[in-house]
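Structure at a glance
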Amino acid sequence: MTSSITSATTITPGAAAAAPPLIDLTVAFPPPWPVQFLVDVVGLQTLPAHWHILLGSAVACQVLLLLSRYLSPLVAPVSYRGLSSKRKLDWDVHVVSSVHAVTIVSLAWPQLFDPVLVANPVFGYTHQAGTTYAICCGYFLWDAIFSLVHVKTFGIGFLVHGIACLAVYLLSFRPFLLYYGSVFLMFELSTPFLNLHWFMDKTGMTGTTIQLVNGIVFLATFFLARICFGFYSSYQFFVSVIAVLDQLPMALFLVYAVANVVLNTLNLYWFHAMIQSLRRRFASSQVRLDSPVLDEKPARGLIKSESTDSLVHQQ
């Protein structure tokens, strides 16, 4: 069932960011009551056109996790079967994280050149951009549920991260910051290389030349995407939003402003810490198989210390 509805925007952009006062939405399926609640209470007016994609994305993430559980023993029989139950779960999560990163970067990249979003980076909306965010929110919905189920294994930090990311990206369905959200989704460019580093550790390739090359590529993409492009885009973000600040709830601006500053600060810390970790790993004759910095995070957003099953390996 497909229907077309016209939704009036609650925020009317100024002359510098002109946009039509109405948004035409093609709704494939009638939204269930939780979606309608978010529309009525939070103002997520474009969510009815994308809620089914969001839900499908979350289901797809769980299917990927299960596929990894059954296919990984065939792809890496020695390495995967030799892992503890927790490390097997780690492995499966890294598979989902890698697929999501490649998918979301591929979808977000065209949004950086979309004339509608470029002309109106704060309030602009296109159906394609909404679909990209629905897939992203589906991943974080899955991440939050997964972290809740396994909170005793992975800790409360993962759960908080998943919920926070889901909430921030859900607000894009007002619509709000679809252009700048796509900019920050490009941070995921470094995630596949980070995950590859992790897989190399678990498959006996620690300290090899190929891991060193991958580490350098990872640091380069991290620096270019998160530090260079990220800091420049953050400046543009503040310029664009402050120009229409009188049309925004102050609480909404503060949430994104604080999140922006915190994320940039963490990126600087992570980059410095990872350089030091990579230096120690390949300069020392004794190398830890599970580096606490270059291991799991920021693939899912936080740095996680791998204190268990950390071994000293003679290079």
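Residues numbered from 1 in each chain as written. Predicted model: local features only at pLDDT ≥ 70, side-chain atom pairs only at ≥ 80, totals over all residues. Heavy atoms only, no water.

Let's shift gears to the overall build of the protein. When you go through the protein residue by residue, the secondary structure sums to 12 helices and 4 strands. Going through the 315 residues of the protein one by one, you find that 50% of them count as buried. Pairs at least 24 residues apart make up 70% of the contacts formed inside the protein by residues separated by at least 6 positions. (Helix = DSSP H or I, 4+ residues; strand = E, 2+ residues; numbered from the N terminus. Buried < 20%, exposed > 50% of the residue type's maximum accessible area, 1.4 Å probe, protein only. Contact = heavy atoms within 4.5 Å.)

Here we take up the side chain of serine 98. Within the element layout of this structure, serine 98 appears in helix H4 (residues 85–108). Within the structure, the side chain of serine 98 is placed 2.8 Å from the side chain of asparagine 195, a separation counted as a polar contact. Excluding residues that lie within four positions of it along the chain, serine 98 makes contacts with Asn195 and Phe199. (Polar contact = N/O pair within 3.5 Å; in protein donor to acceptor, adjacent residues only side chain to side chain.)

Glancing now at the packing of aromatic side chains. We describe a pair of aromatic rings using the distance from one ring centre to the other and the angle between the two ring planes. Tallying each qualifying case throughout the model produces 22 aromatic pairs. Between tyrosine 179 and tyrosine 180, the aromatic rings sit 5.2 Å apart at their centres with planes inclined by 80°, giving edge-to-face as the arrangement. Assigned by exposure class, tyrosine 179 and tyrosine 180 land together as buried. An angle of 85° between the planes, with centres 6.0 Å apart, marks the rings of tyrosine 180 and phenylalanine 237 as edge-to-face. Pair noted here: tyrosine 180 is in helix H9 (residues 178–185) and phenylalanine 237 is in helix H11 (residues 209–243), with a separation of 57 residues, a long-range link. Each member of the pair, tyrosine 180 as well as phenylalanine 237, carries the same accessibility label: buried. One aromatic cluster in this structure is built from Tyr133, Tyr139, Phe140, Trp142, Phe146, Phe154, Phe158 and Tyr169. Between lysine 202 and the ring centre of tryptophan 198, over which it is positioned, the NZ or CZ distance is 4.4 Å. (Phe/Tyr/Trp six-rings, centres within 6.5 Å; stacked < 30°, edge-to-face > 60°. Lys NZ or Arg CZ within 6 Å of the ring centre and 35° of its normal.)

Before going further, it helps to examine the confidence of the model for the protein. Taken as a whole, the protein shows an average pLDDT of 82; of its residues, 80% reach a score of 70 or greater. In this model, residues 1–21 is a region of pLDDT below 50 whose contacts with residues beyond four sequence positions or in other chains number 48 contacts. Throughout residues 285–315 the model reports pLDDT below 50, and contacts reaching past four residues in sequence, or to other chains, amount to 100 contacts. (pLDDT = per-residue confidence, 0-100.)

Right, let's get into the nonpolar core. In this structure, Trp142, Tyr169, Phe173, Phe176 and Leu177 are the most contacted members of the largest nonpolar core, which totals 57 residues. Breaking this core down by element, the ones donating at least two residues are helix H1 (33–41), helix H2 (51–75), H4, helix H6 (127–149), helix H8 (156–170), H9, H11 and helix H12 (250–283). One finds Leu194, Phe218, Trp270 and Phe271 within the second-largest nonpolar core, a separate group that totals 9 residues. (Core = buried A, V, L, I, M, F, W, Y, C linked by side-chain atoms within 4.5 Å.)

With numbering matched to this structure, UniProt assigns "transmembrane region" (unreviewed entry) to residues 49–71, 91–110, 122–142, 154–171, 177–200, 212–232 and 252–271. Span residues 177–200 is 75% helix and 0% strand, its end C-alpha atoms 37 Å apart. (UniProt positions renumbered as here; feature names shortened; annotations may be inferred.)

Okay, the pattern of salt bridges next. Counted by the stated rule, this structure contains 2 salt bridges. For arginine 69, the salt bridge is made with aspartate 92, and the minimal N-O distance between the two is 4.0 Å. Taken together, the positions of arginine 69 in helix H2 and aspartate 92 in helix H4 put the pair 23 residues apart, joining distant regions of the chain. For arginine 69, a relative accessible area of 35% translates into the label partly exposed. (Salt bridge = Lys/Arg side-chain N within 4 Å of Asp/Glu carboxyl O.)

All right, on to the side chain of glutamine 45 then. With respect to the helices and strands, glutamine 45 occurs in the loop between H1 and H2. Of note is the side chain of glutamine 45, whose polar atom sits 3.2 Å from the backbone oxygen of arginine 174.

The terminal C-alpha atoms of helix H10 (residues 191–202), which comprises 12 residues, lie 17 Å apart, in line with the 16 Å expected from a rise of 1.5 Å per residue. Within H10, 9 of the 12 residues are buried, leaving the element largely enclosed by the surrounding structure. Turning to H10, its buried residues number three or more, namely Thr191, Leu194, Asn195, His197, Trp198, Phe199, Met200, Asp201 and Lys202. A positive backbone phi angle near 75° is found at glycine 204, which sits one or two residues after H10. (Expected span 1.5 Å × (residues − 1).)

Bringing a nonpolar patch on the surface into the picture now. Taken together, Leu55, Val59, Val63, Leu66, Leu67, Tyr70, Leu71, Leu74 and Val75 make up a surface patch of nonpolar side chains, about 910 Å² in accessible area. Considering the arrangement of structural elements, one finds valine 75 in helix H2. (Patch = residues over 30% accessible without salt bridge, like charges linked within 9 Å, V, L, I, M, F, W, Y side chains within 5 Å. Areas by Shrake-Rupley, 256 points an atom, 1.4 Å probe, with all protein chains shown as cover.)

Here the focus is the environment of glycine 157. With respect to the element layout, glycine 157 can be found in helix H8. On a C-alpha basis, the gap between glycine 157 and serine 147 in space is 8.8 Å, while along the polypeptide they are 10 residues apart.

Packing of H10 against H11 brings their axes to within 8 Å, and their N-to-C directions diverge by 155°. The angle between the axes of H10 and H11 places the two elements in the roughly antiparallel class. Here the hand of the crossing between H10 and H11 comes out left-handed. Together, Thr191, Phe193, Leu194, Leu196, His197, Met200 and Asp201 of H10 and Ile210, Gln211, Asn214, Val217, Phe218, Thr221 and Arg226 of H11 make up the contact between the two elements. Among the residues making up the contact of H10 with H11, the classes are represented as 7 nonpolar, 5 polar and 2 charged. (Axes fitted to C-alpha atoms, helices over the stretch in contact; angles between N-to-C directions. Parallel < 35°, antiparallel > 145°, perpendicular 65-115°, else oblique. Left-handed = near helix turned anticlockwise from the far one by under 90°. Nonpolar A, V, L, I, M, F, W, Y, C, P; charged D, E, K, R; others polar.)

Further remarks concern the environment of phenylalanine 184. Within the secondary structure layout, phenylalanine 184 lies in helix H9. Linking phenylalanine 184 and phenylalanine 229, residues 45 residues apart in sequence, is a C-alpha distance of 9.0 Å. Contacts of phenylalanine 184, omitting those with residues within four sequence positions, involve Tyr169, Gly230, Ser233, Ser234 and Asn260.

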